[in-house]
Amino acid sequence: DVSQQSDELGSAGLGCFPGRGVSFRAMAQSPLHSTYRSAQLQLPAYSSLSSASSLDNSACPNPDNSVSENMGSEDLDDAVEKIMNGEGLEVTCFDMQPEQLEPVTLRKTVCYIVSAVIFNAKEEVLMVQEAKRECYGDWYLPAGRMEKGESIQEAVQREVKEEAGVDCQPVTLLLVEEHGPRWIRFTFLAEITASIICLALELQTLNMSRLIDNVYHYCDFVHVWLPFTSPTFLPPSGGNLKTTAEADSESLQAQWWDRQAPLPLRCRDILALIDAGLKYRQKPWFPVCQPVDLPCEVVCQRLLLAFPITNPKNSDEEHLWLLLGNGTVDTNAEMRPHLPVVVATKVVMWAGRKVVQRCMASSHHALNLKFCGILGLQHNGRVHGKTDGICFNTLLMLEYSEEGPVDPCSPPPLDSESYRWHEVTNQSLRTNILQRMREASLIPVRSW
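Since the structure is predicted, the reported quantities are computational estimates derived from the model, not experimental observations.

Colleague: Explain the sheet that holds strand 8 (residues 184–192) here, please?
Modeller: Strand pairing in a sheet takes place through backbone hydrogen bonds and is either antiparallel or parallel in direction. The sheet built from 5 strands is open, its strands ordered 6-3-8-7-16 with mixed pairing. Two strands close off the open sheet at either side, each with one partner strand: strand 6 (143–145) and strand 16 (445–447). Neighbour-to-neighbour, the strand axes of the sheet open up by a mean angle of 25°, direction not taken into account. Of the strand pairs in this sheet, strand 3 (residues 112–118) and strand 8 are connected by 7 bridges, and their pairing is parallel. Bridging from a neighbouring strand, isoleucine 113 pairs with arginine 185 of strand 8. Taken strand by strand, helix 8 (residues 270–282) contacts strand 3, strand 7 (168–178), strand 8 and strand 16, and its axis lies near 130° from that of strand 7.

Colleague: What is the right way to read the packing of aromatic side chains from this model?
Modeller: How two aromatic rings sit relative to each other is given by the distance of their centres and the angle of their planes. Under the definition given, this model contains 7 aromatic pairs. Ring centres 6.0 Å apart and planes at 75° place the aromatic pair tyrosine 112 and phenylalanine 186 in the edge-to-face group. Of this pair, tyrosine 112 sits in strand 3 while phenylalanine 186 is found in strand 8, placing the two residues 74 residues apart along the sequence. Neither residue differs from the other here; tyrosine 112 and phenylalanine 186 are each classed as buried. Between the aromatic rings of phenylalanine 307 and tyrosine 400, the centroid separation amounts to 5.2 Å while the plane-to-plane angle is 85°, which identifies the pairing as edge-to-face. With phenylalanine 307 in strand 10 (residues 299–310) and tyrosine 400 in strand 14 (residues 390–400), this pair connects stretches of sequence that are 93 residues apart.

Colleague: For this particular structure, what's the right way to read the side chain of asparagine 120?
Modeller: For asparagine 120, the position within the fold is in the loop between strand 3 and strand 4 (125–129). The exposure class assigned to asparagine 120 is buried, which follows from its relative accessible area of 6%. From its side chain, asparagine 120 meets the backbone nitrogen of lysine 122 in a polar contact 3.0 Å long.

Colleague: I tried to follow the pairing of strand 7 on my own but got confused; where do I start?
Modeller: In the case of a regular strand, side chains alternate between the two sheet surfaces. In terms of burial, strand 7 is a largely internal element, 11 of the 11 residues being buried. Relative to strand 8, strand 7 runs antiparallel, the two sharing 9 bridges. Bridge pairing links valine 176 to phenylalanine 186 in strand 8. If you look at the hairpin formed by strand 7 and strand 8, you'll find 5 residues sitting between the two strands, and glycine 180 has a positive phi there, around 85°. Here 3 bridges tie strand 7 to strand 16, and the two strands are oriented parallel to one another. Following the sheet pairing, valine 176 is matched in strand 16 by valine 445.

Colleague: Help me understand unusual backbone geometry, please; the structure alone is not making it clear to me.
Modeller: Glycine aside, a negative phi is what most residues show, and trans is what most peptide bonds show. Of note in this structure, glutamate 123 is not a glycine but carries a positive phi near 65°. By the secondary structure assignment, glutamate 123 is in the loop between strand 3 and strand 4. Of the residues examined, glutamate 123 reaches a relative accessible area of 27% and is grouped as partly exposed.

Definitions and cut-offs
- Residues numbered from 1 in each chain as written.
- Predicted model: local features only at pLDDT ≥ 70, side-chain atom pairs only at ≥ 80, totals over all residues.
- Heavy atoms only, no water.
- Pairing = 2+ DSSP bridges.
- Helix = DSSP H or I, 4+ residues; strand = E, 2+ residues; numbered from the N terminus.
- Axes fitted to C-alpha atoms, helices over the stretch in contact; angles between N-to-C directions.
- Contact = heavy atoms within 4.5 Å.
- Phe/Tyr/Trp six-rings, centres within 6.5 Å; stacked < 30°, edge-to-face > 60°.
- Buried < 20%, exposed > 50% of the residue type's maximum accessible area, 1.4 Å probe, protein only.
- Polar contact = N/O pair within 3.5 Å; in protein donor to acceptor, adjacent residues only side chain to side chain.

By themselves, these are just geometric observations and shouldn't be taken as functional.
Encoded structure:
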């Protein structure tokens, strides 16, 4: 039992190592700790494309651990459940796309930024001092542009190592910001991976061999990359915070900031990110989410567009409909009902609005569409210029406005044969979707 082991360590005076990351006790008892393994299981191994895939409706190869969206109606609930759980579906077609569509290319037609919010046991946040000429000497979170061939998680780890000098493990995606497909920033809550290694070193120094095995077992549990099973050889530490003696073009130094001491910031936009990280540490409001390793050639949005209705005569009777696509922009392609996928052109998260205006043209003026947030995202990035795209799996809620029907008991009529409504009869799935919408239990997005 991890909590019991942490109690033993705490009683030995080893609950925390100042300056070496979070405490073992804090990690063991953290509300995040139980989700580390599930977060790692959401990262299937990379499956390379068998050939240069095109952006028509020819299907991409279907990895063993993914589900094709070209599914029968009997598989629809399972597919929706996977999206709700932060997993992914292969992108094989688009329900809306521009006339001329080309794969996006990282650092040419799209720019992805990553940043990391990392705290120590005192809830001080890790900051780096900028070395760039335009912001020389100012302080900011570890952040930077993704490079060719990287996954999003790898980019986070590289930036933290280069700018702060330490190894980290992303815990969960915390926030997405976007200025359209050309600029998207992913902020992660992360933790330094060296803390448990330091704990094992301390235990070996004190000759507490009985507890060392438990530490290694716990390291394996949380996937802190320790390939060694014997405590006779310990791997090197995850690094130390960069000092001014190690200043380079990436940064001048790294320090912990208590958020009280005066500190010249490069930009105050990070204050909201830090607050979000603290809030999540104290009380997570959405499940741990890591990007799923599935290829995509463009920036697009998969819509889980839900229309909830409560019976006006019986408030306990709730119904929920999901908007499905019947076909694709390629009229020759055979496509079974599926969650619509729309290629982003301007603001990424406006895709739902476009779909509603197109398929509910006669009634969209009497409807309110709310973008609830991100359920998960898919990215691969291994093949530059071919898999640099991202698919955002999103949850949206559609409701009648005050101008809607007096007694609404069915979803809005559809003006396009390319879409249909599907009522969710699975009670567990319906409850899950309704609860996530009402509690805003999703990754937030900021769009400009």
